[in-house]
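# Descriptive structure summary
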Amino acid sequence: MNLIEIIDKLRTQKVKKFAYGLLVLLILVDFIIPRHEIHFFGDKIPGFWSVFGLISCALIIIVSKWIGQLWLMQDEDYYDK
Amino acid sequence: MISEIFNIEFFHPSAYYIIGGLLIPLLKGRIKQGFMLLLTLLAFFAVVNMPLGVYGIYEFLNWELTFGHVDKLSKVFAYIFTIMGVIGVIYSIHVKNDGEHLAAFYYIGGSLGVTFAGDFLTLFLFWEIMAFSSVFLVWYRKIPSSVDSGFRYLLWHVLGGLILFSGIMIQYSVSGDLSIQYLPFHGWWPTDLQSLATFLILIGFIINAAVPPLGAWLPDAYPAATVTGAVFMSAFTTKTAVYALIRVCAGSEILIVLGVVMAIYGVVYAVLENDVRRLLAYHIISQVGYMVAGVGLGTQMAINGVVAHAFCHILYKSLLFMGTGSVLYATGTAKLSELGGLYKTMPRTMIYTIIGGLAISAFPLFSGFVSKSMTLAAFSEEHYMWAFMCLMLASAGTFLHTGLKVPYFIWFGKDRGIKAKEPPWNMELAMIIGSLFCIGLGIFYKPLYALLPYPVHFEPYTAYHTWETLQLLLFTQLGFFLLLKKLWCANTISMDTDWFPRKGAKVFMWFINKPLASLEYNVIGECYEFIIQKPILRVASWFKWVDTVIVDRIFSEIANLTLMWSRKLQAIQSGQIQHYAMIMVAGVLTVIFIGIILP
């Protein structure tokens, strides 16, 4: 089996479901994982970094695109005009 | 190697690049390729065999120039620069243009020179060699936009060099000492001459570290460089600046703020970017932000983290530039809006690029994880929670773009049926070596930690820390797929802080061509004519009148008079001797007569 076939095998709904399962597992295990040397309040809350990751991702995409469309993005020949 | 043969302790690795490199144009074919590779390996082993200490001191005028200041900090940077030299030269060994090889060799030699410089003058010398050699890596792309980008790149670096040099001169006048010292800058602006010197040196360094608003040259020039040139550029300039900042400015609080701003700034621009190599360039800014912030914090742990991060960053970022460079090489474009579906034709390049993406995203078992986490832990330990949160946010952004967006839109996304094939063997070999480093350092991190300037009391693979990172990254991935529709790219560019000089230059040229030129032509020109030109003409015409009417007439009248008298005299010139005798006798008689009469 060559590389391309392996990649094609990975692009199925079954793998997608497995990935969602993994995400749930990540949060569940976070309830029992041993913590040490806590400096940051978020480190005490189970699942904090999951939520942080999701929100960060959404924030970065939405805010950046908003600023971009409002102001920063220009045509490619912008500086030649 | 040479140091052993000649029994000298220290042999400067730059010599291999700067002096050895001169022979490249004289050689041909396989011999040339072998020679280039040999030089890079010799330089690496020169660093391996290098004992700590101070070497290569030369007297120049009244100054003492130190070319070989070797301590743990300079050595670890020299290690990564020479390793990168080997990888970069393998990647670019097929390039036919000797000029491009020479530019890369001088660029690497320059960065090694900066690394071992013991005084500011030597540092400045190699600093400028870097700027003036690397610009050729942009120009050799030989398309008009690259020529323009190259000039802008050079202008930024000349500006930075001048600011750095003025700082060095003030430092010299204040302290009378040119040796590189620890000069942290405290506060926000200079208050006395010493802090002005430090401030200017800091500005000179942060221009090369691409700190906004002075860093727009980086995303401008790197994507404009040649396929292989960008690989070198991604490694050396900013990391040399980080090294200089550690050496001179560690613990300058202003750098924490600048670094955190940088880390997020790069991520924001990366969302908007369509050109893959420019997207990666913005991620250099973001990653260097971690380093700059860590330098600003300045604790031993933070500095260790910064050095480790610079080490890993050079490897994974060059790997990413090699992967996307291969795509550009194979397809002729680096625009996400024109790419897609390449996994069928370039699957191996995809694997290498994803490894680079996972490493930069600090995925467990990849190199970024063991380095970035140390810097982050230093912030958390010092209770800089706002900085810690912002840097974690930037981490999510890094994975979002480099780990997900870049691979997705190049290799998957919309299949555009582009005909492409895997790059030549040497490019692939370089990517394999880079990938092995990215995974190897993530697993066997102890040798890297042993190279760091301070003793390391940090363990990256604790259960919680690994779990925290996995949560952050995998939920970012969820967010990516949920918001995928928003991420499609169009053919756009984004205005950066170089808008001010670029549009400013346009306004300046318009001012010169329109108002200033018409002012000169219509007002100053007219004034000149009325106040200077016309009076002068009048005076001149008066002189001309005096000349023709008076002076010339006097002469012509004298001439006429002479002519008249000559004619009269002609009458007595008969040519017969008796007439002359008569006249002579008459004359003598007249004289005698006068002599008798007059008394």
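Scoring rules and cut-offs
Residues numbered from 1 in each chain as written. Chains lettered and ligands numbered in written order. Predicted model: local features only at pLDDT ≥ 70, side-chain atom pairs only at ≥ 80, totals over all residues. Contact = placed C-beta atoms within 7 Å. Helix = DSSP H or I, 4+ residues; strand = E, 2+ residues; numbered from the N terminus. Nonpolar A, V, L, I, M, F, W, Y, C, P; charged D, E, K, R; others polar. Expected span 1.5 Å × (residues − 1). Buried ≥ 20, exposed ≤ 12 C-beta atoms within 10 Å, placed from the backbone. Domains from an automatic or database assignment. Pairing = 2+ DSSP bridges. pLDDT = per-residue confidence, 0-100. Core = buried A, V, L, I, M, F, W, Y, C linked by C-beta atoms within 7 Å. Axes fitted to C-alpha atoms, helices over the stretch in contact; angles between N-to-C directions. Parallel < 35°, antiparallel > 145°, perpendicular 65-115°, else oblique. Left-handed = near helix turned anticlockwise from the far one by under 90°.

Next up on the list: the interface of chain A and chain B. If you look at the interface, chain A gives 35 residues, while chain B gives 42 residues. Of all elements in the fold, only helix 1 (3–10), helix 2 (13–30), helix 3 (48–72) and strand 1 (73–75) of chain A reach the threshold of two or more residues within the side of chain A that touches chain B. If one sorts the elements of the side of chain A that touches chain B by residue count, helix 3 of chain A sits on top with 15 residues. Counted by class, the side of chain A that touches chain B contains 22 nonpolar, 8 polar and 5 charged residues.

We now examine helix 13 (residues 300–331) of chain B. Residue and element names in this part refer to chain B. Here helix 13 spans 46 Å end to end across 32 residues, near enough to the 46 Å set by a 1.5 Å rise per residue. When you tally the buried positions in helix 13, you get 30 out of 32 residues, the bulk of the element. Immediately downstream of helix 13, the backbone of G332 shows phi near 85°, a positive value.

Further remarks concern the domain arrangement of chain A. With domains assigned, chain A is organised as domain 1 (1–34) and domain 2 (42–73). With centres defined by C-alpha atoms, the gap from domain 1 of chain A to domain 2 of chain A works out at 23 Å.

Right, let's talk about helix 14 (residues 347–360) of chain B for a bit. All names here are of chain B. For helix 14, which comprises 14 residues, the first-to-last C-alpha distance of 20 Å matches the rise-based estimate of 20 Å (1.5 Å per residue) to within 8%. Taking burial as the measure, the 14 residues of helix 14 include 10 buried ones, the bulk of the element. Taken together, the buried positions of helix 14 are occupied by T349, M350, Y352, T353, I355, G356, G357, L358, A359 and I360. The inward-facing, buried residues of helix 14 abut helix 12 (276–297), helix 13, helix 15 (367–381), helix 16 (385–411) and helix 17 (425–443).

Residue and element names in this part refer to chain B. Here strand 1 (residues 53–60) pairs with strand 2 (residues 63–70) via 7 bridges, running antiparallel. Among the inter-strand pairings, I57 is bridged to a residue of strand 2, identified as T66. Counting the residues that bridge the hairpin from strand 1 to strand 2 gives 2 residues, and of these L61 lies at a positive phi of roughly 50°.

Attention now moves to the confidence of the model for chain B. Confidence in the prediction for chain B averages 91 pLDDT; 98% of positions are at 70 or higher. If you check the scores for this complex, the pTM reads 0.87 and the ipTM reads 0.92.

Let us look at the nonpolar core. Counting residues in hydrophobic clusters, the biggest one holds 198 residues, and the most contacted among them are V242, L245, V292 and L391 of chain B. Here this core takes 19 residues from helix 13 of chain B, the largest share from any one element.

This brings us to the packing of helix 7 (residues 144–175) of chain B against helix 8 (residues 193–208) of chain B. Residue and element names in this part refer to chain B. Closest axis-to-axis distance for the helix 7/helix 8 pair is 8 Å, and the angle between their directions is 155°. Between helix 7 and helix 8, the angle is such that the two are roughly antiparallel. Crossing geometry of helix 7 relative to helix 8 is assigned as left-handed. Where helix 7 approaches helix 8, its residues W156, L159, G160, G161, I163, L164, S166, G167, I168, I170, Q171 and V174 are matched on the opposing element by L193, Q194, L196, A197, L200, I201, I203, G204, I207 and N208. Looking at the contact of helix 7 with helix 8, its residues break down into 14 nonpolar, 8 polar and no charged.

Attention shifts here to the packing of helix 4 (residues 72–91) of chain B against helix 10 (residues 227–249) of chain B. All names here are of chain B. As a packed pair, helix 4 and helix 10 sit with axes 10 Å apart at the nearest point and diverge in direction by 175°. Judged on the interaxial angle alone, helix 10 and helix 4 are roughly antiparallel. Judged by residue contacts, L73, F77, F81, M84, G88 and Y91 of helix 4 engage T228, V231, F232, A235, F236, Y243, I246 and R247 from helix 10. Of the residues in the contact of helix 4 with helix 10, the class split is 11 nonpolar, 2 polar and 1 charged.

Further remarks concern unusual backbone geometry. Residue and element names in this part refer to chain B. In the segment running from P212 into P213, the intervening peptide bond is cis, with an omega of 5°. We note that K142 has phi near 60°; this positive angle belongs to a residue other than glycine. Taking the C-beta count within 10 Å as the criterion, K142 has 9 such neighbours and is therefore assigned exposed. Here the phi dihedral of H383 falls at roughly 60°; this positive angle occurs in a residue that is not glycine. Using a count of 10 C-beta atoms within 10 Å as the deciding quantity, one classes H383 as exposed.

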